[in-house]
Amino acid sequence: MVCNPRPSCAHDAVPTWPLTARKNCLHNGLTMLRRLNRSPAFLNDTLQADNHPGRRVRASRADREGGGDSKTGASTITKTKPRTQRPNLYRVLLLNDDYTPMEFVVLVLQDVFNKSREDAMRIMLHVHTKGVGECGIYPYEVAETKVTRVMDTARKNQHPLQCVMEKK
């Protein structure tokens, strides 16, 4: 669609605020380019990037070699997808002792680690026979919170139950 620089109807006579280039109106786009001191090549790259989100827009050969349009100062737009890093995981371990009742360990596993009764019994027996048992694998902050909750619960009930975390 080509835009007439003169308004032909009441809709065209009302300027949109803030003034922006419309995709379907070449006149408004070129007017905005002149106001911003940009080249039409810059508009093409921008529209191309807007039509395909997440797509990288490549620089022209002249721009890559440093021979870009120095008069307008046009630059290349590059859209990259940010990469998030997975958090480090930590194992939460229960340590065996001779004084903490088995039923208390089962209750702690159910309350703090949201284990079923069967899973809690299995972990408790593993801790009792092997001396140490894994309660779960969590990111650092979650593992630290669970260790603190276990230690606080054991301390409140006057049991020497120990819980530690180690990097996986």
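Scroll up to find the structure.
Below, the structure is looked at part by part.

**Notes on helix 5 (residues 102-113)**
Here is step 1: Taking 1.5 Å as the rise per residue, helix 5 with 12 residues should run 16 Å; its terminal C-alpha atoms sit 16 Å apart, in good agreement.
Here is step 2: Of all the residues in helix 5, the buried ones are Phe-104, Val-105, Val-106, Val-108, Leu-109, Val-112 and Phe-113.
Here is step 3: If you follow the buried residues of helix 5, they end up packed against strand 1 (89-95), helix 6 (117-130), strand 2 (132-139) and helix 7 (140-156).
Here is step 4: Where helix 5 ends, the next residue or the one after it, Asn-114, has phi of about 55°, a positive value.

**Topic: helix 6**
Here is step 1: Between the first and last C-alpha of helix 6 there are 20 Å, a value that for 14 residues agrees with the 20 Å anticipated at 1.5 Å per step.
Here is step 2: Looking at helix 6, one finds that the buried residues are Ala-120, Ile-123, Met-124 and Val-127. Seen along its axis, helix 6 keeps its buried residues to an arc of 100°; they face one direction. Along helix 6, exposed side chains directed more than 90 degrees from the buried face belong to Glu-118, Arg-122, Thr-129 and Lys-130.

**A few points about the nonpolar core**
Here is step 1: Membership of the largest hydrophobic core comes to 23 residues, with the highest contact counts inside it found for Val-92, Leu-94, Leu-109, Phe-113, Val-150, Leu-161 and Cys-163.
Here is step 2: Contact partners of Leu-94, with chain neighbours within four places excluded, come to Val-105, Leu-109, Val-127, Gly-131, Val-132, Gly-133, Cys-135, Val-150, Leu-161, Gln-162 and Cys-163.

Conventions we followed
Residues numbered from 1 in each chain as written. Predicted model: local features only at pLDDT ≥ 70, side-chain atom pairs only at ≥ 80, totals over all residues. Heavy atoms only, no water. Helix = DSSP H or I, 4+ residues; strand = E, 2+ residues; numbered from the N terminus. Expected span 1.5 Å × (residues − 1). Buried < 20%, exposed > 50% of the residue type's maximum accessible area, 1.4 Å probe, protein only. Contact = heavy atoms within 4.5 Å. Arc of directions from axis to C-beta. Core = buried A, V, L, I, M, F, W, Y, C linked by side-chain atoms within 4.5 Å.

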